[in-house]
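Notes for the structure review
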Amino acid sequence: MEDMKVQRIDWNTDQYRACLELRDQVLRQPLGLSIWDDPWQQEQHDIHICATLDKDTIGVLLLRPLDSQQVQMKQVAVSETARGKQVGKKLVELAEHIAVTEGYTTIMLHARENAIPFYEKMNYLSIGEPFTEVGINHRQMIKHFS
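Residues numbered from 1 in each chain as written. Predicted model: local features only at pLDDT ≥ 70, side-chain atom pairs only at ≥ 80, totals over all residues. Heavy atoms only, no water.

1. Details of the pattern of salt bridges
Put simply, the test is: Only one rule defines a salt bridge in this text: a Lys or Arg side-chain nitrogen within 4 Å of an Asp or Glu carboxyl oxygen. Strands are runs of DSSP state E lasting at least two residues, helices are runs of H or I lasting at least four, and both sets are numbered from the N terminus onward. Buried residues are those whose accessible area, probed at 1.4 Å on protein chains only, stays under 20% of the maximum for their type, while exposed residues exceed 50% and partly exposed ones sit between those limits.
Throughout the structure, instances matching the rule amount to 7 salt bridges. Note that D46 is salt-bridged to R64, the shortest N-O span being 2.7 Å. You can see D46 sitting in the loop between α1 (14-28) and β2 (47-53) and its partner R64 sitting in strand β3 (residues 56-65), a full 18 residues away along the chain. As far as burial versus exposure is concerned, D46 and R64 are alike and both buried.

Listed below in structure tokens is the structure:
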């Protein structure tokens, strides 16, 4: 997918709204939920990363600063048609680059059970016990940068 663009985007733009739509389709609708019920307005201070192919939004990820050293990776979603094409990997690589560039030393995330192998390949470590979030099993995972 050489025409794919992965870039940081601004909050509350048309591109951000396209990312919300993708998050709703991939992460919320399968659970009988709606992204529009989430407090997404609080995302104005988050770091938003979007993958596009031509004019289609195919991937999204956000980083939420937790403190001066740590960010939480959240809402990682890849469209069904783009899975298996390195979109998730490219999103995470850019997120890690941005986090390190902005002085963060740790990324933490809550991985859905089926996504744990993906994050393990990206050198994230599981910590703590499994827990339920939005009705499905998750594990907390973490990656430190020196």
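2. Quick word on the side chain of R64
What counts here: Residue contacts are counted whenever heavy atoms from the two residues lie within 4.5 Å of one another.
With relative accessibility at 16%, the residue R64 sits in the buried group. Residues within four places of R64 in sequence aside, it is in contact with Q42, E43, D46, Q70, V71, Q72 and K74.

3. Side note on the state of the cysteines
The following threshold applies: In this description, the term disulfide denotes a pair of cysteine sulfurs within 2.5 Å.
Within the structure shown, the criterion is met by 0 disulfides. In this structure C50 is a free cysteine whose sulfur lies 3.2 Å from that of C19, the closest cysteine sulfur available. Taking relative accessible area as the criterion, C50 reaches 1% and is therefore assigned buried.

4. Overview of the pairing of strand β4 (residues 70-78)
How we decide: Strand pairing is defined by DSSP finding a minimum of two bridges between the two strands. Think of it like this: strands point away, you trace from the first strand over the helix to the second, and a clockwise trace means the crossover is right-handed.
Within β4, 7 of the 9 residues are buried, leaving the element largely enclosed by the surrounding structure. For β3 and β4, the ladder comprises 6 bridges, and the chain directions are antiparallel. Residue pairing across strands places L62 opposite K74, the latter belonging to β4. Where β4 meets strand β5 (residues 106-112), 4 bridges bridge the pair, whose relative direction is parallel. If you follow V71 over to β5, its bridge partner there is I107. What joins β4 to β5 is helix α2 (residues 87-101), and the crossover it makes is right-handed.

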